[in-house]
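Architecture at a glance
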Amino acid sequence: MATVTTYPNAPDLSADDYLVIGLATCFVKEDGEVSQVKIVEPIPSAALEAIVKGIPTSYQIACGTTLGKVLSGETPLLPTDFPPESQFSDNFAERAIAATRTYKIHPEVKSLVPLGSRRDDLNYSLERKRILNAENIVSSEDNVKQHEYTHKVL
């Protein structure tokens, strides 16, 4: 009898495995204009620990759920309590699988956002804007000037 896995690229995971997803406020730059977008993305366990400790974050809410409630095969599923205009992050399926594995390795982190619960007491801040399509253009002026003796043995 063959075993059918819900996630062919992740045979070690099932639809009942724990995961935290968050609703982040991000920005997109188009034609010199910056517009705000709501992004649904998985939060790995290490990031969740830091966010809960109070670092400023672009996440408005974090929800404890299962992989099966947000991912059907490779298709993302929008939770009912998220705004309908929310968009999924790039590579949502891959990131959700990776984040789920972090909670299997560190199960103690599940207590920060228990299954079926939601936290909105995060230190939400837009002071440092997350621009999704920003291009980092490196120029020769970015090089650090070094002293002439830096690489010489004196």
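Reading the values: the criteria
Counting of residues starts from 1 at the beginning of each chain's written sequence and follows it residue by residue. At least 70 in pLDDT is required for a residue's local features to be given in this predicted model, at least 80 for side-chain atom pairs to be given and counted, and no such filter applies to totals for whole chains, interfaces and linings, which use all residues. Note: side-chain values were computed over all heavy atoms of the structure, leaving out hydrogens and water. Residue types Ala, Val, Leu, Ile, Met, Phe, Trp, Tyr and Cys, when buried and joined through side-chain atoms within 4.5 Å, form a set referred to as a nonpolar core. Buried residues are those whose accessible area, probed at 1.4 Å on protein chains only, stays under 20% of the maximum for their type, while exposed residues exceed 50% and partly exposed ones sit between those limits. To qualify as a helix, a DSSP run of H or I must reach at least 4 residues; to qualify as a strand, a run of E must reach at least 2; elements of each kind are numbered from the N terminus. The criterion used for residue contact is that any of the two residues' heavy atoms lie within 4.5 Å. By this definition, two strands are paired if DSSP reports at least two bridges between them. Axes here refer to lines fitted to C-alpha atoms; in helices the fit is confined to the stretch in contact. Angles between the N-to-C directions go from 0 to 180 degrees. The rule is short: rings of Phe, Tyr and Trp, with Trp giving its six-membered ring, pair when the centres are within 6.5 Å, and they are stacked under 30 degrees, edge-to-face over 60, tilted in between. Criterion for a charge above a ring: Arg CZ or Lys NZ at most 6 Å from the ring centre, at most 35 degrees from the ring normal. The arc under discussion is defined with respect to the helix axis, by the directions toward the C-beta atoms.

A short note on the nonpolar core
Formed by 18 residues in total, the largest nonpolar core has its most connected members in Leu 19, Ile 21, Leu 67, Leu 71, Phe 82 and Phe 92. Residue assignment for this core shows that the elements contributing at least two residues are β1 (18-30), β3 (59-66), α2 (67-70) and α3 (92-105). By residue number, the principal contributor to this core is α3, which donates five residues. Once you skip the residues sitting within four places of it in the chain, Leu 67 turns out to touch Tyr 7, Leu 13, Ser 14, Ala 15, Asp 17, Leu 19, Ala 96 and Thr 100. One finds Tyr 18, Val 20, Cys 26 and Tyr 59 within the second-largest nonpolar core, a separate group that totals 16 residues.

Brief notes about the sheet that holds β3
With mixed pairing, the five strands of this open sheet are ordered in space as β6-β2-β1-β3-β7. Edge strands, defined here as strands with exactly one partner in the open sheet, are β6 (87-88) and β7 (118-119). Across 10 bridges, the pairing between β1 and strand β2 (residues 33-42) is antiparallel. Paired with Val 28 across the bridge in β2 is Ser 35. α3 contacts β1, β2 and β6 of the sheet and is inclined by roughly 140° relative to β1.

Things to note about the packing of aromatic side chains
Throughout the structure, instances matching the rule amount to two aromatic pairs. With 5.1 Å between their ring centres and 85° between their planes, Tyr 18 and Tyr 103 make a pair best called edge-to-face. Taken together, the residues Tyr 18 in strand β1 and Tyr 103 in helix α3 connect sequence positions 85 residues apart. In this arrangement the basic side chain of Lys 129 is found over the ring face of Phe 27, its NZ or CZ atom lying 5.2 Å from the centre.

What to know about the environment of Cys 26
Inspection of the secondary structure puts Cys 26 in strand β1. A residue is classified by how much of its surface remains accessible, and Cys 26, at 0% relative accessible area, is buried. With 53 residues separating them in the primary sequence, Cys 26 and Pro 79 have C-alpha atoms 19 Å apart. Among all residues touching Cys 26, those that are not within four sequence positions of it are Ser 35, Gln 36, Val 37, Ile 39, Arg 130 and Leu 132.

What about the environment of Gly 22?
With respect to the secondary-structure elements, Gly 22 resides in strand β1. Overall, Gly 22 belongs to the buried group, its relative accessible area being 0%. Separated by 12 residues in the primary sequence, Gly 22 and Ala 10 place their C-alpha atoms 22 Å from one another. Setting aside chain neighbours within four positions, we find Gly 22 in contact with Ile 39, Val 40, Glu 41, Ile 43, Tyr 59, Ile 61, Ala 62 and Phe 82.

Here's the deal with helix α1 (residues 45-52)
Within the span of α1, buried status applies to Ser 45, Leu 48 and Ile 51. In a view along the axis of α1, the buried residues occupy a sector of 120°, so they form one face of it. The elements touched by buried residues of α1 are β1, β3 and α3. A positive phi of about 110° marks Gly 54, the residue just after α1.

Interpretation note: all reported values are geometric properties and have no functional meaning in isolation.
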